[in-house]
Amino acid sequence: MLYTEWLTLKAALPTSCFVIAFAPGLAFFLKFVAKDSLRVILVVMAAFVWMLSLLLSSIIRFGMVYVIDSFLLETFISIALQEASRLVLFILIKQAQKGLKTLSEENTKIAGIDSLYRSRHMLSMVCGLGMGAIAALFLLLNLIAGLYEGGTMGLPATIPHLKERMAVKLSVDDRFFPITYSASCGILTLLHMAWTLLFWDSCHKYGTHGSSWWFGMVIAVSSHYLVSGLSFFNQLGTRVVILGLQFLVLLANILCCSYIVRDGRGGIFGCGGDDSAVESVRSENGDVHVEQRNLSL
C-alpha cells in the first residue's frame, strides 16, 4: 500500500509534464489526423525525417568537436538541418503526389488520396505535427527520466562536456522548471506546425508569385532561431518570461498562417493567392485533381 502511494506520488509530476507537453498536439491529432490513415502515415514519416536531421547534426557535431567546440555553432547547424529536412519532406510529398496522380488517372482507388489534393495547408500542418511531436519528445525525455529517479534531476553528469557547460541538478529555485519546460515543449509542437505551413507555402509559391514567395520561409526560419535563442536565457532564472515570449512568437506565427490561408485573393503583399496558383497549375496539367490539390482550407 505504501509502495503504491509512493509510486503514485512519484509518477504524478512526470505524468503531468507529459500531458502538458503533448495535450495540444494530441487534440489536433484526434481531431484532424486519427480518422485518416494517410495522414497518420504522413505524421510518422515527418517524425522520421526530423530524426534523420538530428542524426546528421549529431554526426557533424562528433566531427566538429575535434576542431571547434561551440555550442552556439552546433545549435545553428542543427536548426539549419531541421529546416533542410522540412524542404526535403516537401519535395518527397510533391513526388508522391505525382505518383498518386498517375494512379488516379488509371482509376486506381486509394484511401485518403483526396486529402493530398484538396488541402495543402492542412497537409503541411499534419507533417508539422509529426516533426513537432518528435522534437518535443526528445526534449522532454531527459526531464521525465530525471523526475522518475529519486533525487536525480536533469541530464546525467557522465555525458561528455556537460559538466563544464551547465549545472545538471535542479535547485529549490528551479522547482517550477518541469512545468515551464513542458509548456515550452507544447509550444514547440505548435510552432513546428506553423513553421511547416509557412515554409511549404513559400516552396509552393516559388516561381509563381513574383518576389514575395520567400515571405513565409523567412518568418519560419527566423522565428525558429529566435525561439531557440530565447531558450539560452532560461539559465538566468527568467523561465516564465521566456515562456511568455515564446508564446508571443507562436501567436505571431499563427497570425501569419491565418493571413496566408485566408487571403485567397490578394495573397502575400497582394501578389496573388491560392486562386492564381490553382489556375497556373491547371493550365500546365489540365487536370481536375491537380486543381483541387492546391486549394487551401
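Placed above this text is the structure.
Note that the structure is a prediction, hence the values are computed from the model and not measured. (Residues numbered from 1 in each chain as written. Predicted model: local features only at pLDDT ≥ 70, side-chain atom pairs only at ≥ 80, totals over all residues. Heavy atoms only, no water.)

### A short note on the overall build of the chain
When its secondary structure is counted, the chain shows 11 helices and 0 strands. Counting only residues that meet the buried cut, the chain has 42% of its 297 residues in that class. Restricting to contacts in the chain with at least 6 residues of sequence separation, those with at least 24 account for 73%. (Helix = DSSP H or I, 4+ residues; strand = E, 2+ residues; numbered from the N terminus. Buried < 20%, exposed > 50% of the residue type's maximum accessible area, 1.4 Å probe, protein only. Contact = heavy atoms within 4.5 Å.)

### Things to note about the environment of Asp36
By the element assignment, Asp36 lies in the loop between α1 (2-33) and α2 (37-64). Separated by 3.0 Å, the side chain of Asp36 and the backbone nitrogen of Leu38 make a polar contact. (Polar contact = N/O pair within 3.5 Å; in protein donor to acceptor, adjacent residues only side chain to side chain.)

### So, a nonpolar patch on the surface
Together, Phe48, Met51, Leu52, Leu55, Ile59 and Phe138 make up a nonpolar patch on the protein surface, roughly 560 Å² of accessible area in all. Examining the composition of the nonpolar patch, we find that 5 residues originate from one element, α2, more than from any other. Note on placement: Met51 falls in helix α2. Judged by relative accessible area, Met51 falls into the partly exposed class, the value being 32%. (Patch = residues over 30% accessible without salt bridge, like charges linked within 9 Å, V, L, I, M, F, W, Y side chains within 5 Å. Areas by Shrake-Rupley, 256 points an atom, 1.4 Å probe, with all protein chains shown as cover. Salt bridge = Lys/Arg side-chain N within 4 Å of Asp/Glu carboxyl O.)

### A closer look at the pattern of salt bridges
Tallied over the entire structure, the rule returns 5 salt bridges. Among the salt bridges present, the one from Glu74 reaches Arg61, with a minimum N-O distance of 3.4 Å. Of the two residues, Glu74 sits in helix α3 (residues 71-105) while Arg61 sits in helix α2, which places them 13 residues apart along the sequence. On the basis of relative accessibility, which here comes to 11%, the residue Glu74 falls in the buried class. The partner of Lys205 in a salt bridge is Asp201, with the nearest N and O atoms 3.1 Å apart. Here Lys205 pairs with Asp201, and both are found in helix α7 (residues 177-205), just 4 residues apart, close to one helical turn. Note on Lys205: relative accessible area 4%, which makes it buried. The class of Asp201 is buried, set by a relative accessible area of 0%. A network of salt bridges, in which partner residues are shared, links Arg120, Asp201 and Lys205.

### Things to note about the packing of aromatic side chains
Applying the stated criterion across every chain yields a total of 9 aromatic pairs. On the basis of an interplanar angle of 45° and a centroid distance of 4.7 Å, the ring pair of Phe18 and Phe22 is categorised as tilted. Residue Phe18 and its partner Phe22 are both found in helix α1; the two are separated by 4 residues, about one turn of the helix. Residue classification places Phe18 among the partly exposed residues on the basis of a relative accessible area of 42%. On the basis of relative accessibility, which here comes to 16%, the residue Phe22 falls in the buried class. Between Trp50 and Phe138, the ring centres sit 5.6 Å apart and the planes meet at 55°, which makes this aromatic pair tilted. (Phe/Tyr/Trp six-rings, centres within 6.5 Å; stacked < 30°, edge-to-face > 60°.)

### Some thoughts on the packing of α7 against helix α8 (residues 215-231)
Viewed as axis vectors pointing N to C, α7 and α8 meet at an angle of 150°, and their least axial separation amounts to 6 Å. Judged by the angle between their axes, α7 and α8 are roughly antiparallel. α7 and α8 meet at a crossing whose hand is left-handed. Of the residues in α8, those in contact with Leu191, His192, Trp195, Leu198, Phe199, Ser202 and Cys203 of α7 are Phe215, Gly216, Met217, Ile219, Ala220, Val221, Ser223, His224 and Val227. (Axes fitted to C-alpha atoms, helices over the stretch in contact; angles between N-to-C directions. Parallel < 35°, antiparallel > 145°, perpendicular 65-115°, else oblique. Left-handed = near helix turned anticlockwise from the far one by under 90°.)

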